[in-house]
Structure formats: C-alpha cells, structure tokens
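Remarks on the overall topology
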Amino acid sequence: SFRLCKLRFSLPQSYSTHFISTLVLAEHEGGSIKSSSISSVEAAKRLSKDDSVSMLLAGSGPSLQQAATHAASCHPLISQVLVADSNNLVHPLAEAWANLIKTVQKKGGYTHILAASGSFGKNVLPRAAALLDVSPITDVIDISGSHQFVRPIYAGNALSTVKYTGESPCMLTIRTPSFPVSASETRSSAAPIIQVDLSTFGEDILNKSRFVRRSSQETERPDLGNARIVVTGGRGLKSAENFKMVEKLAEKLGAAVGATRAAVDAEFVPNELQVGQTGKIVAPELYMAFGVSGAIQHLAGMRDSKVIVAVNKDADAPIFQVADYGLVGDLFEIIPELLEKLPEK
Ligand code: FAD
C-alpha cells in the first residue's frame, strides 16, 4: 500500500562527524519543563547514547528558575542546562528565540539542535535555521543514526527516509508521540545550570515583532498532545450544544477532548482542539472518535494511537479502516448510554 512506500533523498553537501553534541530547545510552563521537551531529549538519545545534551530555556523571573531546576533533574542524558534570563524572551517570539539560538550555537558549536514539533518549534526552528544557513528537517518520527531520519509526507501516507548531508548544525523538529519518555529515566544528581551571556544579543532583531496577547481555554482536562485517552467529536455531533456530550464523556474517562477540522470550522469547539494534519498530532493509548468520517487529513493526526475506537452511523466510513473497534450506530444513542454506564470519576 501507499503508506509503506519509502522515499529516499539527500540534502546537498557532505558532512560527517563522530562526536554528537545536541542542544534541545525547552518550553516550560508553571515552573516545569513540558513533557514534549523531555521527549525531545529522548529523541536526542537516539542520535547517540553516549554524547552530551544541553537543554536551553528562556524567560524571566522565579518560574524560569524553577523550570531550570526541573530541567536539571528531568532526564539523565542532560549534561547542562542553559538559562537565558531576559524580559525579551518571556514570550515565544520567533525573532528573539532565533537570535538566542544563533548566539548559543556560536558559543557551543552543537552538531544537532532539536525542538518538539509543536507551534513553538515550528515557529522558531526554521527561522533559526535560516540565520545559521542550514536546512531544517521537520516532523521527525524515527532516527536511524546521527544523520538519518524518517518523516511522514503526503499527510502521513508515505514515509520518507532523509539523510542529512548539509553543514552543521543539523536542525530537527521532533514528533514527540514517537519518542515516549520511559518511566525509568531518573538521575542521581542534578545537571549544572549555566546562565547564557546575552550581551551580544541583537536588540534590533527584538523590535521586529511584539507580543500582543495570549488566549487559551482554562481546563482541568489533560493536555491534548500528551493525554493517555482522547475523545474526539466530528461534524456528526451537529452543534456546539451536542458537543458537550463528548466533553462529559471525556471528563468521566479523565481524557482530553479532540475535534475534527469540520467541527472546529462549524464552531462547535475552539481551534486548539483540532486533531490532524493542520492540528495536533496525537498518539494516545486510547482514541475514541464519534461522528468522525476519517478523512486522510484527520487520520494524519491520530493514526498512531495504540487503540482506536470509532462510532459512526455509516458502515463505509473510512475511519473503520484504521479502527481497532468499530461500532456502526447513532452517536446520539451510544454516548448517552456510555455516560449512563460508566462510573463517576
Ligand atoms: P465529515 O466528513 O462530514 O464526517 C461526519 C461523519 O459523522 C460522517 O462519517 C457521518 O456518517 C457521521 N455521522 C453523522 N451523524 C451521525 C450520528 N448521528 N451518529 C454517528 N455518526 C454520525 N480535518 C481534520 O480533522 N484535521 C485536520 O488537521 C485537517 N486538515 C486539513 C488540511 C487540508 C489542507 C484540508 C484540505 C483538509 C483538512 N481537514 C482536516 C479536513 C478533512 O478533509 C475533513 O473535511 C474533516 O476531517 C471532516 O471532519 P468530520 O469527519 O468531522 O466530518
């Protein structure tokens, strides 16, 4: 089938190295390093088991210091934590971050720079790569050597094996569900925390964009990108009011809520819940899809889930081709029945 087709191509110029030193760009929130950034360290482990990984985080104030302490103990592979403390780096503006990466790269001479393939990494890394005059490789799902990577193309319908032969550094965004952190990853002593010297930081670049505001939904539910269970609703829900059934079910299961683009476009839920090619990529242990047809662009974001359950009234819906358990039926009967039978959390 098309999905298993492998394509090979090489980027120009020859490059080889034996010593690998990696810089991982870290995101933090509430004084903790995000799990997607820890997964990027796990990916770095696949480049070389023995070499060093520096974690770079930026921001300002007590939450940055707390996050640095967390970074220093969150993974045994981290050999040092680099902290850039500046008011200009509190918000993830690509211009400021790209400049920071260039500054840190000039000093550290890293062979690899990694970031999670979320909105932060996709925004910052290509700009930093342009400043460093290299070609980034995005959405890496597998690493088979220090310069050979696998990434999906055609909305995940083919896998491309890419050999990087460009100049150093090799810059990658990582699809973090492909690099889960194993529970046994603990360390005995904390890594050193080093302040980054920002005296050469170009102020002119900082003026090119301005942070205006951030809006996000306050929720107690797990983060969609890392949840163990995701319950997704599609256009079949028919209205925002009906979509609340999906939210109730997610609450009972301790799950995150996902949505198709059709459900987002119809304004049942906000855009941040979209799963798929142009939304979030998820790979939970359990993915439940209600009223979702299974369009190729949706499958691109969830087909790696461990167990997929689909409920659709159309027996020919493509979602059943990827589902481990499929139920042909009316979601307006099935979800209330599930809500009734599932115990309270
Ligand atoms: P539909 O395809 O309309 O399916 C609704 C399903 O609900 C149907 O199968 C129907 O049988 C079922 N249904 C209806 N009523 C009931 C009922 N009472 N009980 C049970 N089942 C019922 N889509 C994404 O999801 N994510 C993306 O990131 C994304 N990116 C895109 C990028 C591009 C460039 C393009 C062109 C498209 C993208 N899309 C994306 C859109 C995608 O092609 C589909 O249009 C979309 O996924 C369809 O959403 P849906 O399954 O909710 O709706």
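Everything below is about the structure shown above.
Computed from a predicted model, the values in this text were never measured in an experiment.

Sheet architecture is open: 7 strands sit in the order S8-S12-S7-S2-S5-S6-S13, paired in parallel fashion. Every other strand in the sheet has two partners, leaving strand S8 (137-140) and strand S13 (193-195) as the edge strands with one partner each. Recorded for the sheet is a direction-independent mean angle of 25° between the axes of neighbouring strands. Set on the sheet, helix H1 (residues 35-47) makes contact with strand S2 (21-25), strand S5 (52-59), strand S6 (78-85), strand S7 (112-116) and strand S12 (170-174); between it and S7 the angle comes to about 145°. In the packing of helix H3 (residues 94-108) onto the sheet, the strands contacted are S2, S5, S6, S7 and S12, and the crossing angle to S5 comes to about 145°.

So, about the site of the ligand. Around the ligand, a shell composed of 26 residues is seen, among which Arg-235, Thr-260, Thr-278, Ser-293 and Gln-297 lie nearest. The separation between an oxygen atom of the ligand and a polar main-chain atom of Gly-279 is 3.4 Å. In the model, a nitrogen atom of the ligand is placed 2.9 Å from a nitrogen or oxygen of the Leu-331 main chain. For the ligand, whose accessible area on its own is 990 Å², the fraction buried by protein is 77%.

Glancing now at the packing of aromatic side chains. Evaluated as defined, the whole model comprises 2 aromatic pairs. Their ring planes at 85° and their centres at 5.0 Å tell us that Trp-97 and Phe-120 sit as a pair that is edge-to-face. You can see Trp-97 sitting in helix H3 and its partner Phe-120 sitting in helix H4 (residues 119-132), a full 23 residues away along the chain. One exposure class covers both Trp-97 and Phe-120, and it is buried. Their ring planes at 50° and their centres at 6.4 Å tell us that Phe-243 and Phe-268 sit as a pair that is tilted.

Calculation rules
Residues numbered from 1 in each chain as written. Predicted model: local features only at pLDDT ≥ 70, side-chain atom pairs only at ≥ 80, totals over all residues. Heavy atoms only, no water. Pairing = 2+ DSSP bridges. Helix = DSSP H or I, 4+ residues; strand = E, 2+ residues; numbered from the N terminus. Axes fitted to C-alpha atoms, helices over the stretch in contact; angles between N-to-C directions. Contact = heavy atoms within 4.5 Å. Near = heavy atom within 4 Å. Polar contact = N/O pair within 3.5 Å; in protein donor to acceptor, adjacent residues only side chain to side chain. Areas by Shrake-Rupley, 256 points an atom, 1.4 Å probe, with all protein chains shown as cover. Phe/Tyr/Trp six-rings, centres within 6.5 Å; stacked < 30°, edge-to-face > 60°. Buried < 20%, exposed > 50% of the residue type's maximum accessible area, 1.4 Å probe, protein only.

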